[in-house]
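Residue-level listing of the chains:
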Amino acid sequence: MNRLSTGVLAAIVAACFGLGTASAQTVTTQGNIGNNASQSSATAQVAQAGMMAPADFGTAPSGEVPILFNDRHVYSKPDRLKQNRVLAALVRGNTVLIPLRSMFEQMGATVAYDPGTKTATVTKPGSSVAVTVGKPEVVINGETRPLDVPPEIYKGAVVVPIRVLSEGMGAYVQWVPEKKTVVIRYVAAAPPTPVPTAPPTAAPTMKPTLAPTATPTPTPAPVVKVNRDQYFVAADYLLSPKSYSEFVPGNTGYGFHGKAGLTKQLFGLAVLAEVDARQFTGAHRGSPAFDRNSNVAYFGGPPVCGPFGAATAIRDSGCVTTIGGNSQTFVPSFDVKDTDIDGRIGVGLPFPRIFVGASYITRYGNYGYPRQQGFGAGLEKIPDFEGGFAPFGSFYYYPQVGAGSTLRYSMYKYEAGLALGLKKQTGIPLFIEGSYLGDRGFGKLNYPGPGFSHNGFAVGVGLHF
């Protein structure tokens, strides 16, 4: 009897101990965006034989960041959502790109891709979305909206900015930069309540009017301003610019300014290619008595232009110092034209479009001097044409601009101004601009005078694409 009682007691203790162990080993893990961000919101149950290992969500592939979709990572191993798909996100500058097919199909949408046009079409009752690879826009329910970064193909899958997901499907999308994680929450709209049918024997009744199902207001994803690739061209008129040289002692005249260029985004940076051309016109004038272009007689004989700095019996303002700076010659009155054209290549930031650039310049005039050429470097700010006033400017320095051993200068050229984009008001990619620009040269070899300078205000219009 005692042996039987002892066995029963031992069995009761063992049962209680087993239940207590199972209860103590039941734990709950809560997914969050932090150190435990690789685990979803789930409850880990402990089996009678022991505790199960926690879910292995793995790690995002190199160059990609995790996506937390409805509290679970979409690159979990094994992937229970979609096989052989890109299921993590990419970061391009300040824009987050997500896999289009993987995310939309998880929300019950149908995705079709046309390789000929590179267009992906997403359809679901009540909404449609279409994007084209390389084209910075999305068509949502027939309405075209711009994108900061165009869709692209990554590892064979189309990836799109997260705005497409939030605006096209009404999903809540958030980029958590400090955790390097994309959080996406989506709750499908409840299906409409079926209309009750009357029994066969019942009298016909009027169909009740159903209240429309409220569509949840989508939470817009955070949008970071990222400038797209662009092309621009502009033409300006110079308002009475001043010219200083051995021909023109500070006279006002007129001139023109033109520029054309493009910016492209490559590997997170922006590349600039541009051409800038300027022409300044100033008047060279001698006194009428000694001007061979006038009808006034030469009183006292023809003009005399002696060595530079030497006293002469008859001195005239038409006398010009020659190349080398050792003598002078008389030059009749004419309009002096100074022209320079420079090509620029720069690298900088997509926003706010500030570039460090290299330049090659060519200078020439209509007064017989040889062409002068040389390399330089500088800084340049390109305006933001999206709308409103935007500053722009440039400064380039050229240490050697000359014609071999015949004539050399060092010089710099500059510009500072404001542009006003008018695309929102006119529907045309038009802008107007105003600036102050000029240049200055310093003699280095065989220069005929102290140097040259041109400056003045410019106003004009341009187009950007």
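Draft legend 1. Region of interest: the overall build of the chain. Assigned secondary structure in the chain consists of four helices and 30 strands. For the chain, the proportion of its 465 residues judged to be buried stands at 40%. Put simply, of all contacts in the chain between residues at least 6 apart along the chain, 55% involve residues at least 24 apart. About 25000 Å² of surface is accessible on the chain, with carbon and sulfur atoms providing 62% of the total.

Draft legend 2. Representation of the environment of Y364 within the structure. Its place among the elements puts Y364 in strand β25 (residues 354–365). For Y364, a relative accessible area of 26% corresponds to the partly exposed category. For Y364 and T339, which are 25 residues apart along the polypeptide, the C-alpha to C-alpha distance reads 5.5 Å. Setting aside anything within four residues of it in sequence, one finds Y364 in contact with K337, D338, T339, I341 and R371.

Draft legend 3. Representation of the confidence of the model for the chain in the model. Averaged over every residue, the pLDDT of the chain is 76; the share at 70 or more is 67%. Predicted confidence is poor over residues 289–300, with pLDDT under 50, and the contacts of this stretch with residues over four places away or in other chains come to 25 contacts. This model gives residues 308–315 a pLDDT under 50, and the stretch forms 18 contacts once residues within four places in sequence are excluded.

Draft legend 4. Geometry of the sheet that holds strand β7 (residues 90–92). One open sheet accounts for four strands, arranged β7-β8-β15-β14; its pairing is antiparallel. Every interior strand has two partners, whereas the edge strands, β7 and β14 (152–154), have only one. On average, each strand axis in the sheet is inclined to that of its neighbour by 40°, with strand direction left out of account.

Draft legend 5. Summary view of unusual backbone geometry. Positive phi, normally seen in glycine, also occurs at S240, with a value near 45°. With respect to the helices, strands and loops of the structure, S240 is situated in strand β18 (residues 230–244). Not every positive phi belongs to a glycine, and N446 is a case in point at roughly 55°. Relative to the helices and strands, N446 resides in the loop between β29 (430–445) and β30 (451–464). Overall, N446 belongs to the partly exposed group, its relative accessible area being 31%.

Draft legend 6. Just the pattern of salt bridges, in detail. Per the counting criterion, the structure on display carries 18 salt bridges. Here E143 ties to R145 by a salt bridge, and the two come within 3.5 Å at their closest N and O atoms. For E143, a relative accessible area of 45% translates into the label partly exposed. It is possible to trace a salt-bridge network through shared partners that takes in E274, D276, R278, D340, D342, R344, E380 and K413.

Draft legend 7. Representation of the sheet that holds strand β10 (residues 119–124) within the structure. Pairing is antiparallel in the open sheet, where five strands are placed in the order β9-β10-β11-β12-β13. One side of each edge strand has no neighbouring strand; the edge strands of this open sheet are β9 (110–114) and β13 (143–146). Averaged over all adjacent pairs, the angle separating strand axes in this sheet is 20°, with direction ignored. The sheet contact formed by β9 and β10 spans five bridges and is antiparallel. For T110, the partnering residue across the bridge sits in β10 and is T123.

Draft legend 8. A look at the pairing of β30. For β30, a buried count of 10 out of 14 residues is recorded, marking the element as mostly surrounded by other parts of the structure. Judged from the 11 bridges that link them, β18 and β30 form a sheet pairing that is antiparallel. Counterpart to A234 in the pairing with β30 is G462. Strand direction decides the pairing type here: β29 and β30, joined by 13 bridges, are antiparallel. Within the sheet, the bridge partner assigned to Y436 lies in β30 and is F457. In this structure, the hairpin formed by β29 and β30 is closed by a connection of five residues, where N446 is found at a positive phi of approximately 55°.

Draft legend 9. Focus on the nonpolar core. One finds L100, F104, V164 and I184 to be the most contacted residues of the largest nonpolar core, which totals 30 residues. Sequence-distant contacts of V164, defined by excluding residues within four places in its chain, comprise F104, V129, V131, V138, L147 and M169. V320, I361, Y369 and Y396 belong to the second largest nonpolar core, which has 15 residues in total.

Draft legend 10. Examining the packing of aromatic side chains more closely. According to the stated counting rule, one finds 13 aromatic pairs in the structure shown. Taking the centre distance of 4.8 Å and the plane angle of 65° together, the rings of Y436 and F457 count as edge-to-face. Taken together, the residues Y436 in strand β29 and F457 in strand β30 connect sequence positions 21 residues apart. An aromatic cluster of at least three residues, connected via ring pairs, comprises F395, Y412, Y414, Y436, F442 and F457. Positioned above the aromatic ring of Y409 is the side chain of R363, whose terminal nitrogen or guanidinium carbon lies 6.0 Å from the ring centre. In this structure, R371 packs its charged tip against the face of Y364, placed 4.2 Å from the ring centre.

Reading the values: rules and limits
Residues numbered from 1 in each chain as written. Predicted model: local features only at pLDDT ≥ 70, side-chain atom pairs only at ≥ 80, totals over all residues. Heavy atoms only, no water. Helix = DSSP H or I, 4+ residues; strand = E, 2+ residues; numbered from the N terminus. Buried < 20%, exposed > 50% of the residue type's maximum accessible area, 1.4 Å probe, protein only. Contact = heavy atoms within 4.5 Å. Areas by Shrake-Rupley, 256 points an atom, 1.4 Å probe, with all protein chains shown as cover. pLDDT = per-residue confidence, 0-100. Pairing = 2+ DSSP bridges. Axes fitted to C-alpha atoms, helices over the stretch in contact; angles between N-to-C directions. Salt bridge = Lys/Arg side-chain N within 4 Å of Asp/Glu carboxyl O. Core = buried A, V, L, I, M, F, W, Y, C linked by side-chain atoms within 4.5 Å. Phe/Tyr/Trp six-rings, centres within 6.5 Å; stacked < 30°, edge-to-face > 60°. Lys NZ or Arg CZ within 6 Å of the ring centre and 35° of its normal.

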